[in-house]
Amino acid sequence: MTLVVIGPVTEDLIIIGEEESRKVGGATYFQSFVFEEFYNDYLAIVNCGDESLVNGFPSKDKVKVILKEDTHFFINRYPFKDDRDVREQLSNFADIPILKSDLEDILPEEIDAFIVNPLNRYDFPPETMDYLKSFNVPIFMSVQGFLRCPLDEVNGNYTIKLDDFDALSDILEGAKSIFLDERELNIIGLGFDVDEMVVTNGSNGSRIIGDAEIKIDAVECEDVVDTTGCGDTYMAAYITQKLLLESSENAGKFASKIASDKIKRFGPYNLK
């Protein structure tokens, strides 16, 4: 049985104050490091135009590439070095959807769950989501990418607007857990046909909205180095414990600890 993690791998430009660095990114990339540590039976499926981007994954033999004509590019700018909750983001909004035909020959025979990581609204068309739901296994979804729309062009990239759309309810329907932050929750609201909503709020912690609401405190981190990918790390850590223990509260506490460990150093989760 395998945990299948699907979504783009990206080329990222990280700007913290006046310092710039280029890195591999994308939710599936950051999550792979968590699964490598805590849920070793996983398969990462990524779409991009440059196969060399998978060289940085923790286990290349657990990655399959859907080769496309373009690659997602993101600029993550943190204007205040001492406040990483504030981020300005731009993207090229690559139109490289993951299609049912891309997945049919590469999915494993037995699947524990799917993790769906869109980075923009093009990544997972409704037909692809219907196909994944036909397997009748738990589906965990990140909401943010579905909400991203291009706004103003800046040197060939676009500022990002988050906006709801009519088909979102159908896309999310039946999910085990959906992951979003407080700003995104304010945009889409409650009332979706999902088991639970996991809502993060940076250094203010998180909350899990299901049959009841569970508040999870953030684990304090005095030396914040790199918050890029923190939400993706939290999501992956939460899912590992949710699948193993079925306790949302314990999963939230574990995810908060792992996310805190991640932001103490540059790059993905790695304590070695």
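So, how was this worked out
Residues numbered from 1 in each chain as written. Predicted model: local features only at pLDDT ≥ 70, side-chain atom pairs only at ≥ 80, totals over all residues. Heavy atoms only, no water. Phe/Tyr/Trp six-rings, centres within 6.5 Å; stacked < 30°, edge-to-face > 60°. Buried < 20%, exposed > 50% of the residue type's maximum accessible area, 1.4 Å probe, protein only. Pairing = 2+ DSSP bridges. Helix = DSSP H or I, 4+ residues; strand = E, 2+ residues; numbered from the N terminus. Axes fitted to C-alpha atoms, helices over the stretch in contact; angles between N-to-C directions. Expected span 1.5 Å × (residues − 1). Contact = heavy atoms within 4.5 Å. Parallel < 35°, antiparallel > 145°, perpendicular 65-115°, else oblique. Left-handed = near helix turned anticlockwise from the far one by under 90°. Nonpolar A, V, L, I, M, F, W, Y, C, P; charged D, E, K, R; others polar. Salt bridge = Lys/Arg side-chain N within 4 Å of Asp/Glu carboxyl O. Patch = residues over 30% accessible without salt bridge, like charges linked within 9 Å, V, L, I, M, F, W, Y side chains within 5 Å. Areas by Shrake-Rupley, 256 points an atom, 1.4 Å probe, with all protein chains shown as cover. Lys, Arg positive; Asp, Glu negative; His and termini not counted. Charge placed at Lys NZ, Arg CZ, Asp CG, Glu CD.

Trainee: Mind showing me how you'd approach the packing of aromatic side chains here?
Mentor: Describing an aromatic ring pair means giving the distance of the ring centres and the angle of the ring planes. Within this structure, the stated rule accounts for eleven aromatic pairs. Seen in terms of ring centroids, Y29 and F30 are 5.4 Å apart; in terms of plane orientation they differ by 70°. Their pairing is edge-to-face. By relative accessible area, which is 5% here, F30 ends up buried. Centroid distance Y29 to F33: 5.2 Å. Interplanar angle 80°. Geometry classified as edge-to-face.

Trainee: How should the sheet that holds strand β11 (residues 157-162) be read in this particular structure?
Mentor: Paired through their backbone hydrogen bonds, the strands of a sheet run either parallel or antiparallel. Strands sit in the order β3-β2-β6-β7-β11-β10 across an open sheet of six strands; the sheet is mixed. The two strands at the open ends of the sheet, each matched to only one other strand, are β3 (19-25) and β10 (148-154). Taking each pair of neighbouring strands and ignoring which way they run, the sheet shows an average axis angle of 30°. Across seven bridges, strand β2 (residues 10-16) lies against β3 in antiparallel orientation. From the neighbouring strand, E11 faces β3, where its bridge partner is V24.

Trainee: What is the right way to look at helix α1 (residues 27-38) in this model?
Mentor: Residues lying three or four places apart along an α-helix face the same way, a consequence of the helix completing one turn every 3.6 residues. Between its terminal C-alpha atoms α1 stretches 17 Å, which fits the 16 Å expected from twelve residues at 1.5 Å a residue. With respect to burial, α1 is a largely interior element, nine of its twelve residues being buried.

Trainee: So what exactly am I meant to see when it comes to the environment of F30 here?
Mentor: Within the secondary structure, F30 is located in helix α1. Between the C-alpha atoms of F30 and L53, which are 23 residues apart in sequence, the distance is 13 Å. In this view, F30 contacts G25, T228, G229, D232, T233, G267 and P268; residues no more than four positions away in its chain are not counted.

Trainee: What's the story with the packing of α1 against helix α7 (residues 230-245) in this structure? I'm lost.
Mentor: The angle between the axes and the distance between the axes are what describe a pair of packed helices. Look at α1 against α7: their axes get within 8 Å of each other, and the N-to-C directions meet at 40°. Comparing the axis directions of α1 and α7 gives the class oblique. Considering only the axes of α1 and α7, their crossing is right-handed. Note on element contacts: α7 touches α1 through D232, T233, M235, A236, A237, T240 and L244, opposite A27, F30, Q31, V34, F35 and F38. Residue classes in the contact of α1 with α7 are distributed as nine nonpolar, three polar and one charged.

Trainee: I tried to follow the sheet that holds strand β1 (residues 2-6) on my own but got confused; where do I start?
Mentor: Ordered in space as β5-β4-β1-β8-β9-β12-β13-β14-β15, the nine strands form an open sheet in which the pairing is mixed. The open sheet has two edge strands with one neighbour each: β5 (63-67) and β15 (213-216). Taking the axes of each pair of neighbouring strands and ignoring which way they run, one obtains an average angle of 15° across the sheet. Strand contacts of helix α8 (residues 248-262): β13 (196-200), β14 (206-209) and β15, with the helix running at about 25° to β15, the strand carrying the most contacts.

Trainee: How should I be thinking about the pattern of salt bridges in this particular structure?
Mentor: A pair can form between side chains of opposite charge whenever their charged atoms are brought close. Counting across every chain of the model gives 13 salt bridges. Residue K62 is joined to E36 by a salt bridge in which the shortest nitrogen-to-oxygen separation is 3.3 Å. Taken together, the residues span a long stretch of sequence, with K62 in the loop between β4 (42-48) and β5 and E36 in helix α1 at a distance of 26 residues. Note that K253 is salt-bridged to E249, the shortest N-O span being 3.4 Å. Placement of the pair is K253 and E249 together in helix α8, with a separation of four residues, close to one helical turn. E249 gets classed as partly exposed once you look at its relative accessible area, which sits at 37%. Look at the salt bridges and you will find they share partners, linking K176, D195 and E246 into a network.

Trainee: Would you explain a negative patch on the surface in this entry?
Mentor: Where like charges cluster on the molecular surface, the negative patch consists of E127, D130, D170, E173 and D193. If you trace the backbone, E127 turns up in helix α3 (residues 126-133). What makes E127 exposed here is its relative accessible area of 55%.

As far as function goes, none of this settles anything; it's purely spatial.
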